[in-house]
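# Residue-level structure breakdown
Chain by chain, the residues run as shown.
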Amino acid sequence: MVDYHSTNNQSAGGAQTYMEQENDWDRDLLLDPAWEKQQRKTFTAWCNSHLRKAGTQIENIEEDFRDGLKLMLLLEVISGERLPKPERGKMRVHKINNVNKALDFIASKGVKLVSIGAEEIVDGNAKMTLGMIWTIILRFAIQDISVEETSAKEGLLLWCQRKTAPYKNVNVQNFHISWKDGLAFNALIHRHRPDLIDYDSLRKDDPVTNLNNAFEVAEKHLDIPKMLDAEDIVGTVRPDEKAIMTYVSCFYHAFSGAQKAETAANRICKVLAVNQENEQMMEDYEKLASDLLEWIRRTIPWLENRTQEKTVKDLQAKQEDFRDYRTVHKPPKVQEKCQLEISFNTLQTKLRLSNRPAFMPSEGRMVSDINTAWHTLEGAEKGYEEWILSEIRRLERLEHLAEKFHQKAAIHESWTDGKEAMLTQKDYETSTLSEVKALLRKHEAFESDLAAHQDRVEQIAAIAQELNELDYYDAASVNARCQKICEQWDILGSLTHSRKESLERTEKQLESIDELYLEYAKRAAPFNNWMEGAMEDLQDMFIVHNIEEIQGLISAHEQFKSTLPEANKEREAIQAIQAEVQRIAQSNGIKLSGANPYTTITPQSIDSKWEKAMTMVPQRDCALQDELNKQNSNDSLRATFAAQANSVGAYIQAKMEEIGRISIEMNGTLEDQLTNLKDYQKTIMSYMPEINKLEGHHQQIQEALIFDNQYTSYTMEHLRVGWEQLLTTIARTINEVENQILTRDAKGISQEQLFEYRASFNHFDKDHSGGLKAEEFKACLISLGYDVENDKQGDGEFNRIMGIVDPNSSGFVTFQAFIDFMSRETTDTDTADQVIASFKILAGDKNFITADELRRELPPDQAEYCIARMAPYAGPDGVPGALDYMSFSTALYGESDL
């Protein structure tokens, strides 16, 4: 540690030695008449510049100090202290006593007077009087000048060299020859007050003009009296060093106030720059948070919209829009959310480091609010996806049922066409008995056909009912057609019953019935109906979702094919009846009138339908086989997706565990840790093609309308959330290390200290949660030497520390809060009192400051920043427009409200 007291003592001793050497040198050099003249003039002017403050002055330096009265007054003015009361007598002893009082005061300030006695001053000894005045000037005007640990003459010379360094033709090496041309005097004025001197207009070969210009400007604008004549300096080969030093010291003291103001302004600029940067970051956070919340607010209603579409194609368009949202619109918002959290953490760290209060976002824009809104968005997103898949299933089912309904309705309407006219005709009234019997048998066959069609009518009604229950968009037309079919069916039943009664009344009169025709009609009708039903089944559409369902259909179809031989036998038997009719008629010479009177089903129609049904069987085989191939392909897609999903899921889980371990077991410097983490982040990002590959498999799964997967427990939504959490976790870990670097650099904490803090923190973080509970934190403090034992004093100190590191009383101390506390305990920061002191310098020691003073001392933007935020000064010593810089300074550090 540097011994500042020792350094100051050495400087004071050096100054005293220097003054002793000057006094010895005076006894020789004051013999030069030219120098004596310059010293008389300079010292007289210097004394008067101080005596004027007391309302007096001197004319003759060796005469006016003889009684000691003005000498004592001069010392009181320049020192600011009271001397013993002077004696007012006119006798020599009174004068000697007064001069001795003055000399004793000078000696009390650590100045050793050499060969200067009171009698010589009272006797008017010019040489001794000038020596005494030079001693006073050295002690009170020059000795305290210090530049870079130099003092007195060297410090004043170094100050002159630095201030005049930028000026051409100026090279200050001493206090005599270097000042003869007058340019050095002008350079000093121009450096501090460029508005008073036109330096470029001065010429080195005109020293008298240069000197007079500097002396007149200093006297008029800087309140520095003219101490020398230009002609005296120019006319002397080597001007008097003491006179020049005295004159230059006046310039130093005149401009030292400006140096303090510049330092104060720099401090204020630094504080305001930090505040402006923090405010800009707050505005950026508020805007980004508002934009993200607004996007979420606009997106959620879209995801919650459940407007139903009429067709699968329309709903697939919605599904494509949702896929674009997932792959195009949402990823940038995920990055914005991550960046928002990083910006918030960085801002809070900067505020802590600059001793500012923590940033509290506007209501509803906290990071927790954004996370809540984001969670709501993801919930709506999941619900929307599930709804779309459910709607696709529903519409597919509806389209299948509608097609089946119209197919069966068309077959039924084709069958019923003309049946009402047939049932209402009165042909039996003019027919013979045999014809009536034939009509009766024909009607019985029709009744059998009617009963066979009853099942189809019930199927049509059941399909219509299901379409209504599933909210089919064209249910009105379906209901109308179904109603028409049912009403017509009731009419047919009623007409059939009426015709049968009419035929039965006539049956008693009719005896001749052709049994073969009747048998043919009875067997042909159900067989024909069976063939129509079989053809309906062979043409029936089907929808399956797995291999088991299609295999079930194939099994049913194979069972149907196994019944075909028996059906063919029935067909041959029916055809044999017709052949028997022809044989009997031919053998008995019976002339047949034409078609079978009991049925319209001809052998040709039976054979035609049979051939048509036989061609449909292989077509059905091909359709079922194609569907089986499709389901095998879908199963392959499931297995491909499952293999990639299981790999990605395991990778995400492993990386999440690695990040947790890395955040606890970080080794090397913070920069090494940051580099390693960023390299680790790049490694993770290089895995993105595998995620995209999985997205591709998932898209194929969705396009194939596959809704389940027995090969994996992972879903795409689960893996997306896991991937986003992985990216967010590594970004947060990197941000934590960056904040530690920022804390280390701002607080001056060494790398070894950080390692020690980290080792202590990790040692007591038993569960590796990244934070310390209250009792763990107390144990950590005790290990670092803090007196927080379980007693009244220790508990009070521990509660004070917990109030700093855990202001929200969560009972949990993070590593960043621990670092902030340790750095605050070991480093210094700007405070409100320092800023207030700086403003007080700019205000000229007043308790308020004006807008003009701020604009003069600060850069324009920061001056206006202060003017806009400072409250009016309300003190009794204020003036119009006075501003309160004290409340403004405390508000910067959160100690009051702006």
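These numbers come from a predicted model, not from an experiment. (Residues numbered from 1 in each chain as written. Predicted model: local features only at pLDDT ≥ 70, side-chain atom pairs only at ≥ 80, totals over all residues. Heavy atoms only, no water.)

Right, let's get into the overall build of the chain. When helices and strands are counted, the chain shows 32 helices and six strands. Of all intrachain contacts in the chain linking residues separated by at least 6 positions in sequence, the fraction that spans at least 24 positions is 74%. Just so you have it, the chain exposes about 45300 Å², and 50% of that area is on carbon and sulfur atoms. (Helix = DSSP H or I, 4+ residues; strand = E, 2+ residues; numbered from the N terminus. Contact = heavy atoms within 4.5 Å. Areas by Shrake-Rupley, 256 points an atom, 1.4 Å probe, with all protein chains shown as cover.)

Next up on the list: the pattern of salt bridges. Inspection of every chain in the model, using the stated rule, returns 47 salt bridges. With a closest N to O distance of 2.8 Å, Glu413 and Arg481 form a salt bridge. Taken together, the residues Glu413 in helix 14 (residues 367-416) and Arg481 in helix 17 (residues 475-507) connect sequence positions 68 residues apart. Residue classification places Glu413 among the partly exposed positions, given a relative accessible area of 27%. With a relative accessible area of 22%, Arg481 lands in the partly exposed category. For Glu532, the salt bridge is made with Lys609, and the minimal N-O distance between the two is 2.9 Å. Of this pair, Glu532 sits in helix 18 (residues 515-539) while Lys609 sits in helix 21 (residues 603-664); the two residues are 77 residues apart in sequence, bridging distant segments of the chain. The exposure class of Lys609 is partly exposed, given its relative accessible area of 21%. Each of Arg326, Lys330, Glu378, Glu381, Glu695, Glu717, Arg720 and Glu724 takes part in salt bridges that share partners, so that together they form one network. (Salt bridge = Lys/Arg side-chain N within 4 Å of Asp/Glu carboxyl O. Buried < 20%, exposed > 50% of the residue type's maximum accessible area, 1.4 Å probe, protein only.)

The contact between helix 4 (residues 69-79) and helix 5 (residues 92-108) brings their axes to 8 Å, and the two run at 25°. Looking at the two axes, helix 4 sits roughly parallel to helix 5. Crossing angle aside, the handedness with which helix 4 passes helix 5 is left-handed. Here Leu69, Leu71, Met72, Leu75 and Ser79 of helix 4 lie close against helix 5, whose contacting residues are Asn98, Val99, Lys101, Ala102, Phe105 and Ile106. Looking at side-chain class alone, the contact of helix 4 with helix 5 contains eight nonpolar, two polar and one charged residues. (Axes fitted to C-alpha atoms, helices over the stretch in contact; angles between N-to-C directions. Parallel < 35°, antiparallel > 145°, perpendicular 65-115°, else oblique. Left-handed = near helix turned anticlockwise from the far one by under 90°. Nonpolar A, V, L, I, M, F, W, Y, C, P; charged D, E, K, R; others polar.)

On to the packing of helix 2 (residues 33-51) against helix 7 (residues 126-142). It is at 11 Å that the axes of helix 2 and helix 7 come closest, and there the two elements cross at 50°. Here helix 2 lies oblique to helix 7, going by the angle between them. Between helix 2 and helix 7 lies a crossing of left-handed hand. On helix 7, the residues that touch Glu36, Gln39, Arg40, Phe43, Trp46 and Cys47 of helix 2 are Ala126, Leu130, Ile133, Trp134, Ile136, Ile137 and Ala141.

We now examine helix 8 (residues 152-164). Here helix 8 is 13 residues long and its end C-alpha atoms lie 19 Å apart, about the 18 Å a rise of 1.5 Å per residue gives. Among all positions of helix 8, only Ala152, Gly155, Leu156, Leu157, Trp159, Cys160, Lys163 and Thr164 are buried. (Expected span 1.5 Å × (residues − 1).)

How two aromatic rings sit relative to each other is given by the distance of their centres and the angle of their planes. Scanning the entire structure with this criterion turns up 26 aromatic pairs. Note on Phe344 and Phe359: the rings are 6.3 Å apart at their centroids and 50° apart in plane angle, and the pair reads as tilted. Taken together, the residues Phe344 in helix 13 (residues 312-353) and Phe359 in the loop between helix 13 and helix 14 connect sequence positions 15 residues apart. Note on accessibility: Phe344 and Phe359 belong to one class, buried. Seen in terms of ring centroids, Trp415 and Phe446 are 6.0 Å apart; in terms of plane orientation they differ by 0°. Their pairing is stacked. Within this pair, whereas Trp415 is found in helix 14, its partner Phe446 is found in helix 16 (residues 433-469), the two being separated by 31 residues in sequence. (Phe/Tyr/Trp six-rings, centres within 6.5 Å; stacked < 30°, edge-to-face > 60°.)

Moving on to the nonpolar core. Trp46, Ile136, Trp179, Phe185 and Phe251 are the most contacted members of the largest nonpolar core, which has 77 residues in total. Per-element accounting of this core gives the leading share, 11 residues, to helix 7. Residues in contact with Phe251, not counting those within four places in the same chain, are Trp159, Phe185, Leu188, Ile189, Ala218, Leu222 and Ile224. Judged by nonpolar contacts, the second largest core, of 45 residues, contains Val648, Leu754, Cys780 and Met822. (Core = buried A, V, L, I, M, F, W, Y, C linked by side-chain atoms within 4.5 Å.)

Position of Gln575 among the secondary structure elements: in helix 20 (residues 564-587). Looking at Gln575, the relative accessible area reads 17%, which means it is buried. What Gln575 contacts, discounting residues up to four positions off in sequence, is Pro603 and Asp607.

Here we come to helix 7. Residue pairs three or four apart in sequence face the same way in an α-helix, which turns once every 3.6 residues. With 17 residues, helix 7 should reach 24 Å at 1.5 Å per residue; the first-to-last C-alpha distance of 22 Å fits that figure. By the criterion of burial, helix 7 is predominantly enclosed, with 16 of the 17 residues buried. Capping the start of helix 7, Asn125 holds a side-chain oxygen 3.1 Å from the backbone nitrogen of Lys127, two or three residues further along. (Polar contact = N/O pair within 3.5 Å; in protein donor to acceptor, adjacent residues only side chain to side chain.)

Let us look at unusual backbone geometry. Trans peptide bonds make up the majority, and among non-glycine residues the majority have a negative phi. Even without glycine at this site, Asn355 takes up a positive phi of about 65°. Turning to its location among the elements, Asn355 is positioned in the loop between helix 13 and helix 14. What makes Asn355 partly exposed here is its relative accessible area of 32%. Phi angles above zero are rare outside glycine, and Ser809 is one such case at about 55°. Within the secondary structure, Ser809 sits in the loop between helix 27 (792-805) and strand 4 (812-814).

Looking at the element boundaries, Cys250 is found in helix 12 (residues 241-304). For Cys250, a relative accessible area of 15% puts it in the buried group. The sequence separation of Cys250 and Leu222 amounts to 28 residues, and the corresponding C-alpha distance is 9.6 Å. Every residue in contact with Cys250, bar those within four places of it in the chain, is listed here: Trp46, Ile224 and Met227.

Once that is clear, we can look at the confidence of the model for the chain. Counting all residues, the mean pLDDT for the chain is 80, and 89% of those residues have values of 70 or more. For the stretch residues 1-31, pLDDT sits under 50, and the model shows 38 contacts to residues farther than four places along the chain or on other chains. Throughout residues 509-513 the model reports pLDDT below 50, and contacts reaching past four residues in sequence, or to other chains, amount to 14 contacts. (pLDDT = per-residue confidence, 0-100.)

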